[in-house]
Amino acid sequence: MKDIKSQIGRKVLHLKNKQNRSLTVTLRQYRPGDEEGIIACIRDEYGDTYFKRGFYDPVYIKEESDNGHIIFLVAQTKAGEIAGMLILKNFLPNENMCEIASQIFRKKYRGYGLAMPFFEYAMEILLKSNYSAAYCLPVLFHDVTQRLLYRLGLRATGFVMNVFNMGNVTHSYHNGKNTKHSQGIQIRAVDKQDAGTVYIPYEHQNFVAKVYDSLGVKYCIAQESDDSLSELPPQSIISFWQNELQECLEINVYMVGADLANRIEDLHNKYPLKGAQTYNVFLNCSNKNAVWAYHVLEEAGYFFTGLKPLCGKDEYMVMHNPGEVEIYFEDYVVSSEFAKLLNYVRKAYEARRKMDEKKEYTT
């Protein structure tokens with residue numbers, strides 16, 4: 001991975017709002033002493049409820065910057081105040097994408113059109129390194145990030161559903177009836193231009209083809225959907241992480257094994273799907289047993305929510321189990337591009353609910 005921190009320059013912007021007031025800001029890399037200004041941006045929008053808890057800790061910000069895990073970028077006014085922040089985060093060694101995230105402005109500096117040039121500045125930095133892809137998880141309570149990043153070449157590929165308890169997160173937008181907060185997935189291919197062969201259930205193959213076509217990369221969807229157990233290794237390779245505050249468990253299935261159903265059942269027993277508890281699964285669809293695994297997860301109450309592509313050597317399908325949490329799709333705020341995907345995922349959710357009702361009826 002190239003060292004890009006040493007190549008980051010500054011950019012000066014001269015902006016005006018609708019009232020013809022002028023604002024001059026300098027976009028630059030974080031430096032020691034900026035911590036309180038960064039934290040002030042977060043508190044202005046989220047109070048003490050921002051889900052990235054470490055961002056309230058000056059020591060954490062400095063350490064993450066020093067170790068190269070996160071590049072913090074700031075927008076500073078002529079008076080020296082931090083008007084906004086943005087981060088570029090890498091996931092090495094497990095994955096090779098770079099996430100564009102946490103663009104937060106102090107409220108008094110909104111309305112000057114700062115968001116787009118700040119994203120452009122970040123993208124210029126990102127493209128100087130050899131990441132596999134640019135990656136973003138835009139919020140679904142407004143569509144600003146979705147629309148602006150589309151203009152920078154990022155494309156909608158799916159959703160990570162019901163991640164955050166809205167009772168624990170405050171912000172200046174509206175949530176509608178949803179009690180948990182979902183995120184979109186946006187991707188731009190950078191160095192990874194070939195997704196290889198992916199194993200996708202027949203019913204989702206057209207959807208997946210459209211996603212990869214939109215990304216402009218090579219891919220091959222395996223046409224066979226063999227559910228045979230004969231080639232399955234005995235054990236799956238998975239990782240999982242439970243966010244206790246948000247009551248959301250993330251599972252990564254790196255290799256599918258014959259014990260997958262039992263592993264999922266064990267997790268359901270450990271973290272029961274009651275109240276606000278939800279699950280998201282990232283299933284390796286470069287693995288030839290992914291279709292069989294998809295049906296195992298479907299039987300356990302999961303439904304398809306899209307793709308997480310080009311982020312490493314393997315490709316991933318995303319699936320979700322909402323447990324007892326209701327999803328109000330009509331209350332999400334999405335761009336026209338994301339709306340098409342959301343409609344598709346909504347149908348998968350409704351099909352899953354009908355399957356549950358059928359099970360209840362027959363038992």
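One can find the structure itself at the top, above this paragraph.
Residues numbered from 1 in each chain as written. Predicted model: local features only at pLDDT ≥ 70, side-chain atom pairs only at ≥ 80, totals over all residues. Heavy atoms only, no water.

A. The arrangement of the packing of helix H6 (residues 260-270) against helix H7 (residues 290-299) in detail. At a minimum axis separation of 10 Å, H6 and H7 run at an interaxial angle of 35 degrees. Crossing of H6 against H7: the hand is right-handed. Residues Leu260, Ala261 and Ile264 of H6 form the contact with H7, whose participating residues are Trp292, Ala293, Val296 and Leu297. Classifying every residue of the contact of H6 with H7 by side-chain character gives seven nonpolar, no polar and no charged. (Axes fitted to C-alpha atoms, helices over the stretch in contact; angles between N-to-C directions. Helix = DSSP H or I, 4+ residues; strand = E, 2+ residues; numbered from the N terminus. Left-handed = near helix turned anticlockwise from the far one by under 90°. Contact = heavy atoms within 4.5 Å. Nonpolar A, V, L, I, M, F, W, Y, C, P; charged D, E, K, R; others polar.)

B. Main features of H6. By the burial criterion, the buried members of H6 are Leu260, Ile264, Leu267 and His268. For H6, the arc enclosing every buried residue in end-on projection is 100 degrees, short of the 170-degree limit, so these residues lie on one face. Pointing more than 90 degrees away from the buried face of H6 are the exposed residues Asp266, Asn269 and Lys270. Elements in contact with the buried residues of H6: strand E11 (237-243), strand E12 (248-255), strand E13 (278-284), H7 and strand E15 (316-321). (Buried < 20%, exposed > 50% of the residue type's maximum accessible area, 1.4 Å probe, protein only. Arc of directions from axis to C-beta.)

C. Here's a closer look at the side chain of Asn90. Positionally, Asn90 belongs in strand E4 (residues 82-90). Separated by 2.8 Å, the side chain of Asn90 and the backbone oxygen of Gly68 make a polar contact. Residues within four places of Asn90 in sequence aside, it is in contact with Gly68, His69, Met97 and Tyr131. (Polar contact = N/O pair within 3.5 Å; in protein donor to acceptor, adjacent residues only side chain to side chain.)

D. Examining the state of the cysteines more closely. Per the counting criterion, the structure on display carries zero disulfides. Sulfur of Cys248: no disulfide; nearest cysteine sulfur belongs to Cys311 and is 17 Å away. Owing to a relative accessible area of 7%, Cys248 belongs among the buried residues under this scheme. Cys285 carries a free sulfur, and the closest cysteine sulfur to it, the one in Cys311, is 11 Å from it. (Disulfide = S-S within 2.5 Å.)

E. Quick look at the pattern of salt bridges. Summed over the entire model, instances satisfying the criterion amount to 19 salt bridges. Of the charged contacts in the structure, one is a salt bridge between Glu81 and Lys108, with a shortest N-O distance of 3.1 Å. Here the residue Glu81 occupies a position in the loop between strand E3 (70-77) and E4, and Lys108 occupies one in the loop between strand E5 (97-105) and helix H3 (115-126), the gap between them amounting to 27 residues. For Glu81, a relative accessible area of 23% gives the class partly exposed. One salt bridge in this structure joins Arg263 and Asp259, with 3.5 Å as the shortest N-O distance. Classification of Arg263 as partly exposed rests on a relative accessible area of 28%. Residues participating in the shared-partner salt-bridge network are Lys177, Glu330, Asp331, Arg346 and Glu350. (Salt bridge = Lys/Arg side-chain N within 4 Å of Asp/Glu carboxyl O.)

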